[in-house]
Amino acid sequence: MRTADVARVRGEPRVQKTELDRVLARVAALEEGLARRDAVIHKQRDEIERLQAENGRLLSERSDLHQQLGQVQGLLVAARKQLEQQGLKLAELERRVGLNSRNSSKPPSTDGPQVERPARGKSKKPTRKRGGQEGHEGKGRALLPAEDVSESFDHRPDTGGCCGKPLAGDDPNPERFQTIEIPPVKPFVREDRFHSLTCSCGATTKAMVPAELRGTPFGPRLHSTVALMGGLFRLAKREIQAALAIFFGIEVGLGSIPKMERRMNAALDPPYEEVLQAIRAAPTCHQDTTGWRENKQRSNLWITATTSLAHFRIARQANRAQAQELLGADYLGKVVTDRTAVQAWVWQQWCWSHLLRDFEALAELRGAQWYGVRLVTCAKRVHAEYRDHAAGLITHAQMVSRLADTRIQVHRLLQAAATRAPAIRARRVAAGILKQEHKLWTFLDYEGVAPTNNLAERCARMAVLWRVSSFGTDSPDGSRYAERVLTAVTSLRLQGRSREVLNWLVRARMAQTQPGSFLVPTLLPAAYP
């Protein structure tokens, strides 16, 4: 073996050891790097786990926040709705506070001092004194004709005022002065004696009591006076008792007054039904309802009237069935009403006085003033034209011609208010009127129909005063009596026959007690309808 080869062989283990050390060192370094990397990886894994846990917590918090946000949004929506409702309630309360007799159906007696009355005549403060003015035409009580004078006395001067010479003769036109006095009233008392006589056979016979003397010691005029005191003058039972004692010297028991009223109730039955049948045959009528109390329970008073007749009915209900019972389901005439739906089966004319109040309310409502002011102007124009027609200044055809443009303008204003008015109430009111718009103009389409229901409301005033003073009636019998007395008194007043009411009631009572001798008086005018 050569020397070089031996040397190389001998050096190989040393080289390999060095290489091995290097490899081992590198392995150790790699292992150390791997250990560091594992440590880093473990640390990163721990960090990832921590971050994942933190992320889970944040996601949970996010979910909670989203849920809370949803709850807050729900609360905001509810608060907004509540705020809107409160705003609507506030607007409604402000509207109610502003209601008065000019913009609602409230009576003028409920107006407070803050309500401004419409100026009448000149608004400028007058400078002249109150009372009659110099040069104005005087007015006084007219003298009664000679046939109505109970007694007369002539006064003549005896001597002249300047020379003192005696005077004689008569003045062809003497100055007349009349004194009116009520004579002392003494009741007329008739006494009937019914003898019992015995004949020769021993039987005793008593005189027969006439039919008109049976049942009551009070005569027809006393019955009628009691009915008039309660029905026209609205006196209570004790007040009637006191009035009879003071004015006539008649002592009547308190229980006798309701008995007399029940007899008058029966006496007025035929004329009462006759009035209802006549109204049913009329081409047009007015109908209204107002509150009433019967036996302390809520009821309704129905008023159905024409220009010469008025019929009253007290009923529990104020619905269509009651209206049909009064007018008849087959009524073909025109009915003037206060924008009520109970008469929807007949041809109606809505009251323009009520419409004017509705338009006045719109003129004072926020978001509807522009429409309300113009509708008020149109309503006042309708009233003015009808006043001229009622006064005979213009014909019906002229009234129709003058209101043609107003009719178109009202339609356009209602359409605009129903679709574009900011106030919800204004849109609702306008839409409701538009659905029945033809009922606004029946008085133009048919001559003889009035545009307002003032007739029925005027007829109701006496009944309302009765209700206020007596709180209604205490029984169905009392209600029937009130219906009949109000019908008789109001119908005669409409015909200008108020002075005849007492004599008319007397005739009605006499026709009841002596049907063969007296005819039942009628409430119908001479030429009806």
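The coordinates are above.
These figures come from a predicted structure and were not determined experimentally. (Residues numbered from 1 in each chain as written. Predicted model: local features only at pLDDT ≥ 70, side-chain atom pairs only at ≥ 80, totals over all residues. Heavy atoms only, no water.)

## Thoughts on the overall build of the protein chain
Short version of the rule: Helix numbers and strand numbers start at the N terminus; a helix is a DSSP run of H or I with at least 4 residues, a strand a run of E with at least 2. Values of the radius of gyration come from C-alpha atoms, whereas the globule rule sets the reference at 2.2 Å times the count of residues to the power 0.38. Under the scheme applied here, a residue whose accessible area is under 20% of the maximum for its type counts as buried, over 50% as exposed, and between as partly exposed, the area being computed with a 1.4 Å probe on protein chains only. The contact rule is simple, with two residues in contact once any of their heavy atoms fall within 4.5 Å. For the area figures, the Shrake-Rupley method with a 1.4 Å probe applies, and any residue is considered shielded solely by the protein chains shown. In this tally, Asp and Glu contribute negative charge and Lys and Arg positive charge; neither His nor the terminal groups of the chain are included. Taken as the charge location is NZ of Lys, CZ of Arg, CG of Asp or CD of Glu.
Along the backbone of the protein chain there are 15 helices and 7 strands. The globule rule puts the C-alpha radius of gyration for 529 residues at 24 Å, and the 49 Å found for the protein chain is more than 25% above it. Considering only C-alpha atoms, the protein chain reaches an extent of 210 × 85 × 50 Å along its principal axes. The 529 residues of the protein chain split such that 32% are buried. In the protein chain, the proportion of contacts linking residues at least 24 apart, taken out of those at least 6 apart, comes to 61%. Surface exposure of the protein chain reaches about 35,500 Å², of which carbon and sulfur atoms provide 55%. Charge centroids of the protein chain, computed over 80 positive and 57 negative side chains, lie 2 Å from each other.

## Some thoughts on a nonpolar patch on the surface
Cut-off, in case you're wondering: Every patch collects residues that have over 30% relative accessible area and no salt bridge, joining them within 9 Å if they carry like charges and within 5 Å if they are nonpolar side chains (Val, Leu, Ile, Met, Phe, Trp, Tyr). For this analysis, a salt bridge means a side-chain nitrogen from Lys or Arg found within 4 Å of a carboxyl oxygen belonging to Asp or Glu.
Taken together, the side chains of L20, V23, L24 and V27 define a hydrophobic patch exposed on the protein surface, amounting to about 320 Å² of accessible area. Here V27 lies in helix α1 (residues 3–97).

## Looking at the sheet that holds strand β5 (residues 310–315)
Defined as follows: Paired strands, as defined in this entry, are two strands with at least two bridges between them according to DSSP. To define axes, lines are fitted to C-alpha atoms, for helices over the stretch in contact only, and angles between the resulting N-to-C directions are given on a 0 to 180 degree scale.
Read from one edge of the open sheet, 5 strands run β5-β4-β3-β6-β7, paired in mixed fashion. With partners counted over all chains shown, the strands left at the sheet margins are β5 and β7 (347–350), one partner each. Shown here is a sheet whose adjacent strand axes are inclined to one another by a mean of 30°, direction ignored. Where strand β3 (residues 284–294) lies against strand β6 (residues 334–337), 3 bridges are found, and the strand directions are parallel. Bridge pairing in β6 places H286 opposite V336.

## Overview of the pairing of β6
Going residue by residue along β6, you find K334 and V336 tucked away on one face and V335 and T337 tucked away on the opposite face as well. By the bridge criterion, 4 bridges tie β6 to β7 in an arrangement that is parallel. When the sheet's bridge partners are listed, T337 is paired in β7 with W350.

## Brief notes about the environment of I246
One can find I246 in helix α3 (residues 237–248). Between the C-alpha atoms of I246 and S60, which are 186 residues apart in sequence, the distance is 96 Å.

## Looking at the packing of helix α5 (residues 269–280) against helix α14 (residues 476–494)
What describes two packed helices is the angle between their axes and the distance between those same axes. Test applied: Any angle between 65 and 115 degrees counts as roughly perpendicular, while under 35 counts as roughly parallel, over 145 as roughly antiparallel, and the rest as oblique. Handedness of a crossing is defined here by the sense of rotation of the near helix relative to the far one, left-handed for an anticlockwise turn of less than a right angle and right-handed for a clockwise turn. Gly is placed with the polar residues, together with every amino acid not listed as nonpolar (Ala, Val, Leu, Ile, Met, Phe, Trp, Tyr, Cys and Pro) or charged (Asp, Glu, Lys and Arg).
Running from amino to carboxyl end, α5 crosses α14 at an angle of 65°, the nearest separation of the two axes being 10 Å. What the angle tells us is that α5 and α14 run roughly perpendicular. Like other packed secondary-structure pairs, α5 and α14 cross with a definite hand, here left-handed. Contacts between α5 and α14 involve D269, Y272, E273 and V275 on the former and, on the latter, E483, R484 and T487. In terms of residue class, the contact of α5 with α14 is built from 2 nonpolar, 1 polar and 4 charged.

## Focus on the packing of helix α4 (residues 256–267) against helix α15 (residues 501–513)
Their axes nearest at 9 Å, the elements α4 and α15 cross at an angle of 85°. Comparing their axes, α15 and α4 come out roughly perpendicular. On the side of α4, the interface is formed by R263, M264, A266 and A267, while α15 contributes L505, A508, R509 and Q512.

## Here's the deal with unusual backbone geometry
In the Ramachandran plot, N295 falls in the positive-phi region, its phi being about 55° despite a non-glycine side chain. With phi around 60°, R339 is a residue other than glycine that occupies positive phi space. As for its placement among the helices and strands, R339 is situated in the loop between β6 and β7. R339 gets classed as partly exposed once you look at its relative accessible area, which sits at 29%.

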